[in-house]
Amino acid sequence: KCSKESSICAFSQQLNESINLGYFNKDLEIVDNKNWTGLKLTYTNGDKCGLNMTQTKNTVLYFVCDQNIENYVGFNKPQLTFVSEDKCYHEIYWRT
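Model, not experiment: these values are computed from the prediction.

Trainee: If you had to explain the overall build of the protein chain to someone new, which residues and values would you point to?
Mentor: Within the protein chain, the secondary structure is distributed over zero helices and nine strands. In sequence order, the secondary structure elements of the protein chain are arranged as β-β-β-β-β-β-β-β-β. Considering only C-alpha atoms, the protein chain reaches an extent of 40 × 25 × 25 Å along its principal axes. Looking at the protein chain residue by residue over its 96 residues, the buried ones come to 30%. A separation of at least 24 residues holds for 37% of the contacts in the protein chain among residues at least 6 apart in sequence. Element-wise, carbon and sulfur atoms account for 50% of the exposed surface of the protein chain, whose accessible area totals about 7,000 Å². Taking the average place of the 10 positive charges on the side chains of the protein chain and the average place of its 11 negative ones, the gap between the two points comes to 3 Å.

What follows is the structure in structure tokens.
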């Protein structure tokens, strides 16, 4: 289970503990570009990470508006699409 303090988290089966991926800290943003339209939530200042644990985990969650959602496997679930090499930055896309 994730702590009550975290805004977004993941559970590590390897470590058998929850990982705070960040706290909500920015207004909801509307994304409207040539590839897709949706909403963006940004989370920062999660658990320590990186070399010597000097950084904090940050996550961006995109809600993608998709009229053809039925055509995708796992369409109604969030998809982790990117994790930085140092595992401090994550991107999650959720087609809606």
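Trainee: Which residues make up the pairing of strand 1 (residues 8–12), and what values go with them?
Mentor: In terms of strand pairing, strand 1 meets strand 2 (residues 17–24) through five bridges, oriented antiparallel. When the bridges of strand 2 are listed, Cys-9 appears paired with Asn-20. Where strand 1 hands over to strand 2, the hairpin turn is made up of four residues, of which Asn-16 adopts a positive phi near 55°.

Trainee: Which residues make up unusual backbone geometry, and what are the values?
Mentor: Its identity is not glycine, yet Asn-45 carries a phi of approximately 60°, on the positive side. Within the element layout of this structure, Asn-45 appears in the loop between strand 4 (37–44) and strand 5 (48–49). A positive phi is found at Asn-52, a non-glycine position, where the angle reads about 60°. Turning to its location among the elements, Asn-52 is positioned in the loop between strand 5 and strand 6 (55–56).

Trainee: Hey, could you go over the confidence of the model for the protein chain for me, with residue numbers and the actual values?
Mentor: Low-pLDDT portions of the prediction should not be read for the details of their coordinates. Of the residues in the protein chain, 94% have a pLDDT of 70 or more, and the chain-wide mean is 88. Mean pLDDT in the protein chain bottoms out at strand 1, which sits at 88, and peaks at strand 6, which reaches 96.

Trainee: If you had to explain the packing of aromatic side chains to someone new, which residues and values would you point to?
Mentor: Two descriptors summarise a pair of aromatic rings, namely the distance from one centre to the other and the angle between the planes of the rings. If you walk through the whole model with that rule in mind, you get six aromatic pairs. Note on Trp-36 and Tyr-93: the rings are 5.8 Å apart at their centroids and 75° apart in plane angle, and the pair reads as edge-to-face. On the criterion of sequence distance, the pair formed by Trp-36 in the loop between strand 3 (29–32) and strand 4 and Tyr-93 in strand 9 (residues 89–95) is long-range, its members being 57 residues apart. By relative accessible area, Tyr-93 is classed as partly exposed at 23%.

Procedures and definitions
- Residues numbered from 1 in each chain as written.
- Predicted model: local features only at pLDDT ≥ 70, side-chain atom pairs only at ≥ 80, totals over all residues.
- Heavy atoms only, no water.
- Helix = DSSP H or I, 4+ residues; strand = E, 2+ residues; numbered from the N terminus.
- Buried < 20%, exposed > 50% of the residue type's maximum accessible area, 1.4 Å probe, protein only.
- Contact = heavy atoms within 4.5 Å.
- Areas by Shrake-Rupley, 256 points an atom, 1.4 Å probe, with all protein chains shown as cover.
- Lys, Arg positive; Asp, Glu negative; His and termini not counted.
- Charge placed at Lys NZ, Arg CZ, Asp CG, Glu CD.
- Pairing = 2+ DSSP bridges.
- pLDDT = per-residue confidence, 0-100.
- Phe/Tyr/Trp six-rings, centres within 6.5 Å; stacked < 30°, edge-to-face > 60°.

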